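Close look at the chain arrangement
Below are the chains, spelled out letter by letter.
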Amino acid sequence: YDGYAPIFTFLGVEGYAVHAQLRPGKDHSQKGTPAFLRDSIRYARTVTEEPLLVRLDAGFDSRENIAVCQAEGVDFLIKRNLRRESEQVWLQWVKEHGRGKEVRPGKWVYYGAMEARGSQTPARLVVHVVEETVLDNGQLMVFPKVEVQAWWTSLADDPETVVALYREHGTMEQFHSEFKTDLDLERLPSGKLATNNL
């Protein structure tokens with residue numbers, strides 16, 4: 001529904017909520033995020049002394065967020081918004097610079113990583129590409145199906161580990177969904193943002 005866009009910070013695999021903010025639905029996801037992110041990191045540090053990994057989806061693909069993570073001394077894993085970049089270009093790059101394996105006949109999975117150059121906020125870019133020429137039912141495809149995903153990260157782990165760490169964010173998405181459905185917060189009762197925020 002139009003109206004509100006909540007943002008949450010969850011901590012640990014258990015999903016402890018450490019920060020939340022209700023925003024007008026018309027606001028861009030990045031608006032106010034650097035300050036929210038700084039506060040979230042500081043709140044998380046009051047709960048644990050363990051190293052922190054900030055994991056953000058593609059709506060938060062921003063140099064500002066990377067800079068906040070670097071300034072606060074935390075690791076980050078931010079899904080990259082590929083916008084209109086060519087999937088074929090990424091497929092060619094990962095075939096030349098990454099490594100791949102055929103997981104079943106007609107389906108190849110590739111992983112690669114590169115250091116970002118010319119950026120004011122240095123980071124590593126991890127790329128995951130899936131190329132299918134045959135469907136799992138054996139149907140040959142006229143044109144290959146190519147899916148590309150990429151992430152900015154400070155982690156030095158191998159690309160497969162980085163991708164697996166990001167995929168765990170699905171658990172947090174489930175917590176977010178439960179707020180909206182199980183707690184019936186999809187449509188908030190008041191027409192006033194301040195009342196609903198409270």
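Source: prediction; values computed, not measured.

In this section: helix H1 (residues 33–47). Here H1 spans 21 Å end to end across 15 residues, near enough to the 21 Å set by a 1.5 Å rise per residue. Buried within H1 are the following residues: Thr 33, Pro 34, Phe 36, Leu 37, Ser 40, Ile 41 and Ala 44. Projected down its long axis, H1 shows its buried positions confined to an angular sector of 155°, all on one face. Where H1 is buried, its residues contact strand E1 (4–11), strand E2 (16–24), strand E3 (53–56) and helix H2 (63–72).

Enumeration according to the criterion identifies ten salt bridges in this entry. The partner of Glu 131 in a salt bridge is Lys 95, and the shortest N-O contact between them spans 3.4 Å. Placement of Glu 131 in strand E7 (residues 124–134) and of Lys 95 in helix H3 (residues 87–97) is noted, with a sequence separation of 36 residues between them. With a relative accessible area of 38%, Lys 95 lands in the partly exposed category. A salt bridge links Glu 147 to Lys 145; the shortest N-O distance between them is 3.3 Å. The class for Lys 145 is partly exposed, based on a relative accessible area of 36%. Bridged by salt links that share partners, the residues Arg 42, Arg 45 and Glu 72 form one connected network.

In this structure, Val 127 and Val 129 are the most contacted members of the largest nonpolar core, which totals 31 residues. For this core, the elements supplying multiple residues, two or more each, are E1, H1, E3, H2, strand E4 (75–79), H3, E7 and strand E8 (140–153). If we skip the residues at most four places from it in the chain, Val 129 touches Trp 90, Leu 91, Val 94, Trp 108, Val 109, Tyr 110, Val 146, Glu 147 and Val 148. In terms of nonpolar packing, the next biggest core, distinct from the first, is built from ten residues, Val 126, Val 130, Trp 151 and Tyr 166 among them.

Our focus in this paragraph is the pairing of strand E5 (residues 99–104). Taken residue by residue, a regular strand's side chains alternate between the two faces of the sheet. Taken together, the five bridges between E5 and strand E6 (residues 107–115) define a ladder with antiparallel strand orientation. Paired with Glu 102 across the strands is Trp 108, a residue of E6. Two successive antiparallel strands, E5 and E6, enclose a turn made up of two residues, where Gly 106 displays a positive phi of approximately 85°.

Let us now look at the sheet that holds E6. Within a sheet, neighbouring strands are paired by backbone hydrogen bonds and run either parallel or antiparallel to one another. If you trace the six strands from one edge of the open sheet to the other, you get E3-E4-E8-E7-E6-E5, paired in mixed fashion. Either end of the sheet is taken by a strand with one partner, and the two such strands are E3 and E5. Going across the sheet, the axis of each strand differs from the next one's by a mean of 20°, ignoring polarity. Helix H4 (residues 159–167) rests against E3, E4, E5, E6, E7 and E8 of the sheet, and its axis sits at about 90° to E7.

The N-to-C vectors of H1 and H2 enclose an angle of 30°; their axes lie 9 Å apart at closest approach. Of the possible angle classes, the one that applies to H1 and H2 is roughly parallel. When the axes of H1 and H2 are compared, the crossing they make is right-handed. Each of Thr 33, Pro 34, Leu 37, Arg 38, Ile 41, Arg 42 and Arg 45 in H1 lies in contact with H2, whose residues at this interface are Glu 64, Asn 65, Val 68, Cys 69 and Glu 72.

Right, let's get into the side chain of Thr 153. By secondary structure assignment, the location of Thr 153 is in strand E8. Here the side chain of Thr 153 touches Phe 76 through a polar contact of 2.8 Å, landing on its backbone oxygen. Here Leu 155 takes part through its backbone nitrogen, which lies 3.0 Å from a polar atom of the side chain of Thr 153. The residues touching Thr 153, leaving out its near neighbours within four places in the chain, are Phe 76, Leu 77, Ala 123, Arg 124, Val 126 and Val 162.

Basis of the calculations
- Residues numbered from 1 in each chain as written.
- Predicted model: local features only at pLDDT ≥ 70, side-chain atom pairs only at ≥ 80, totals over all residues.
- Heavy atoms only, no water.
- Helix = DSSP H or I, 4+ residues; strand = E, 2+ residues; numbered from the N terminus.
- Expected span 1.5 Å × (residues − 1).
- Buried < 20%, exposed > 50% of the residue type's maximum accessible area, 1.4 Å probe, protein only.
- Arc of directions from axis to C-beta.
- Contact = heavy atoms within 4.5 Å.
- Salt bridge = Lys/Arg side-chain N within 4 Å of Asp/Glu carboxyl O.
- Core = buried A, V, L, I, M, F, W, Y, C linked by side-chain atoms within 4.5 Å.
- Pairing = 2+ DSSP bridges.
- Axes fitted to C-alpha atoms, helices over the stretch in contact; angles between N-to-C directions.
- Parallel < 35°, antiparallel > 145°, perpendicular 65-115°, else oblique.
- Left-handed = near helix turned anticlockwise from the far one by under 90°.
- Polar contact = N/O pair within 3.5 Å; in protein donor to acceptor, adjacent residues only side chain to side chain.

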